[in-house]
Amino acid sequence: MFDPTDRKSLTSLSEALVKSRSLLDPFRQIYKSAVEQMVGGWYSTGGPEKQVPLNLMDLAVKIYHRSLFAKSPQVSVSTQDRRNRPAGTKLQSIVNRRLEDESIIKAFNDSILDAIFGIGLIKIGVTPAGEEIEVGGYAIQGVEPYIQPILLDDWVHDMSARDMQETLYRGHRYRIPLEQVKADESLDPESRKRLQASEFLNGGGMGGESRVSEIQGKTGLPGEFGKLVELWEIF
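Once a new chain begins, its residue numbering starts again from 1 and follows that chain's sequence as written. Local features in this predicted model are restricted to residues of pLDDT 70 or higher, and side-chain atom pairs are both shown and tallied only at a pLDDT of 80 or more, whereas totals for entire chains, interfaces and linings draw on every residue. Remark: hydrogens and water are excluded; side-chain values derive from all non-hydrogen atoms of the structure.

Q: Account for the confidence of the model for the protein chain, naming residues and giving values.
A: As a per-residue measure, pLDDT tells how confident the predictor is, with possible values from 0 to 100. Per-residue pLDDT for the protein chain has a mean of 82; in total, 86% of the residues score no lower than 70. For the protein chain, the element scoring lowest by mean pLDDT is helix 7 (residues 211–216), at 40; strand 3 (residues 155–157) scores highest, at 94. For residues 208–220, every residue scores under 50 in pLDDT, and the model assigns this stretch 31 contacts once sequence neighbours within four places are set aside. Segments assigned H or I by DSSP are reported as helices when at least four residues long, segments assigned E as strands when at least two residues long, and all are numbered from the N terminus. The criterion used for residue contact is that any of the two residues' heavy atoms lie within 4.5 Å.

Rendered as structure tokens:
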């Protein structure tokens, strides 16, 4: 079993991550080329060199995207127990209203677009929200579900596995205010001291180049407010 406090285990994991990121690099390059074709050469400096009067790639992507995601998803809650049917109807209404949230619709839209070019990735979880509530005599922290699309640029998984069920690790990178990380006492004190602000998704020191940064033609964001650090979440 992996021990996050063992330095040898961390070193082995780091080497495996670099190798997997390198193996994923050709797929990121294919993704970049496809996005360039969709963007076209008329309205962006990051598009293809050859300009064409009709962008068939963009037209095809819009048709496929509309077929795959015509409207926000809906759920149906049912139960065999008649006593629980009113609660099920209420839950169904609450979930369907939540699914109409713009951030959720955008996450689905972005992941479907990514799936057309390569792989669509979505992270679903819960974050603390509100006050504690009492359920069955136990105090439970209120939580709020969230959904977050993840770019292939920011993703890594165990490339030695034959399928995703066999992967020993998966993860992604993200940016967060440096001061917020240094103030988080749940993290290792020595690691927090060594953290420094990092540039905008410039490869992350984990192997591979940032295709999004290349398309944008920059490695940093001018006028970026505050100091941010790039972290990896591995699970």
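Picking up where we left off.
Q: I'd like a description of the pairing of strand 4 (residues 170–177), backed by residues and values.
A: Being paired, for any two strands, means DSSP has found at least two bridges between them. Bridge count between strand 3 and strand 4: three bridges; the pairing is antiparallel. In the sheet register, tryptophan 155 faces strand 4, and the bridge partner there is histidine 172. Relative to strand 5 (residues 228–234), strand 4 runs antiparallel, the two sharing seven bridges. The residue of strand 5 that forms the bridge with arginine 175 is glutamate 230.

Q: Quick one: what's the story with the packing of helix 1 (residues 7–39) against helix 4 (residues 102–117), residue by residue and with numbers?
A: Simply put, an axis is a line fit to the C-alpha atoms, just over the touching stretch for a helix, and the angle between two N-to-C directions goes from 0 to 180 degrees. For the pair helix 1 and helix 4, the least separation of the axes is 9 Å and the interaxial angle reads 110 degrees. Taken together, the axis directions place helix 1 and helix 4 in an arrangement best described as roughly perpendicular. Here Tyr31, Ala34, Val35 and Met38 of helix 1 come into contact with helix 4, specifically with Leu113, Asp114 and Phe117. Each angle receives one of four descriptions, namely roughly parallel if under 35 degrees, roughly antiparallel if over 145, roughly perpendicular if within 65 to 115, and oblique otherwise.

Q: Go over the nonpolar core with me, naming the residues and quoting the values.
A: Throughout this description, the term nonpolar core refers to a set of buried Ala, Val, Leu, Ile, Met, Phe, Trp, Tyr and Cys residues connected via side-chain atoms within 4.5 Å. Classification of residues uses two cut-offs on accessible area relative to the type maximum, computed with a 1.4 Å probe and protein chains only: under 20% is buried, over 50% is exposed, and between them is partly exposed. Tyr31, Ala34, Val35, Met38, Val61, Phe117 and Leu152 together form the largest nonpolar core, which totals seven residues. Per-element accounting of this core gives the leading share, four residues, to helix 1.

Q: Tell me what's going on with the pattern of salt bridges, and back it up with residues and numbers.
A: Opposite charge on two side chains permits pairing when their charged atoms draw close. The working definition used for a salt bridge is a side-chain nitrogen of Lys or Arg within 4 Å of a carboxyl oxygen of Asp or Glu. If you walk through the whole model with that rule in mind, you get 12 salt bridges. Between lysine 106 and aspartate 110 there is a salt bridge whose closest N-O contact spans 2.7 Å. Highlighted residues: lysine 106 and aspartate 110, both in helix 4, separated by four residues, approximately one helical turn. When its relative accessible area of 26% is taken as the criterion, aspartate 110 is described as partly exposed. In this structure, the salt-bridge partner of arginine 173 is aspartate 154, at a minimum N-O distance of 2.9 Å. Note that arginine 173 is positioned in strand 4 and aspartate 154 in the loop between strand 2 (138–150) and strand 3, a separation of 19 residues in sequence. Across the pair, aspartate 154 and arginine 173 agree in class, each one buried.

Q: Account for the packing of helix 1 against helix 2 (residues 56–68), with residues named and values stated.
A: Relative orientation of the contacting elements helix 1 and helix 2 amounts to 100 degrees, with a least axis distance of 6 Å. Considered as vectors, helix 1 and helix 2 are oriented roughly perpendicular to each other. Of the residues in helix 2, those in contact with Ala34, Gln37 and Met38 of helix 1 are Met57, Asp58 and Val61. Side-chain classes follow a simple rule in which Ala, Val, Leu, Ile, Met, Phe, Trp, Tyr, Cys and Pro form the nonpolar group, Asp, Glu, Lys and Arg form the charged group, and the remainder, Gly included, forms the polar group. Taken together, the residues of the contact of helix 1 with helix 2 sort by class into four nonpolar, one polar and one charged.

Q: How would you explain helix 3 (residues 85–99) if you had to name every residue and give the values?
A: Here, expected helix span is obtained from the residue count minus one, scaled by 1.5 Å. With 15 residues, helix 3 extends 21 Å from end C-alpha to end C-alpha; this agrees with the ideal 21 Å at 1.5 Å per step. Listed in full, the buried residues belonging to helix 3 are Gly88, Asn96 and Leu99. Axial view of helix 3: buried residues confined to an arc of 65 degrees, hence all on one face. Summarising the geometry of helix 3, the exposed residues directed more than 90 degrees from the buried face are Pro86, Ala87, Lys90 and Arg97. Arc definition: it is the arc formed by the directions from the helix axis to the C-beta atoms.

Q: Describe in detail the pairing of strand 2, supporting the description with residues and values.
A: The sheet contact formed by strand 1 (residues 121–135) and strand 2 spans 12 bridges and is antiparallel. Bridged to glycine 125 within strand 2 is tyrosine 146. Following strand 1, the chain reverses through two residues before pairing antiparallel with strand 2; glycine 136 in that reversal takes a positive phi of roughly 60 degrees.

Q: Report on the packing of aromatic side chains, specifying residues and quantitative values.
A: By convention, a stacked pair of Phe, Tyr or Trp rings (six-membered ring in the case of Trp) has centres within 6.5 Å and planes under 30 degrees apart, an edge-to-face pair has planes over 60 apart, and any other such pair is tilted. All chains considered together, the criterion is met by three aromatic pairs. Aromatic pair tyrosine 31 and phenylalanine 117: ring centres 6.1 Å apart, planes at 90 degrees, arrangement edge-to-face. Of this pair, tyrosine 31 sits in helix 1 while phenylalanine 117 sits in helix 4, and the two are 86 residues apart along the sequence. Of the residues examined, tyrosine 31 reaches a relative accessible area of 12% and is grouped as buried. By relative accessible area, which is 12% here, phenylalanine 117 ends up buried.

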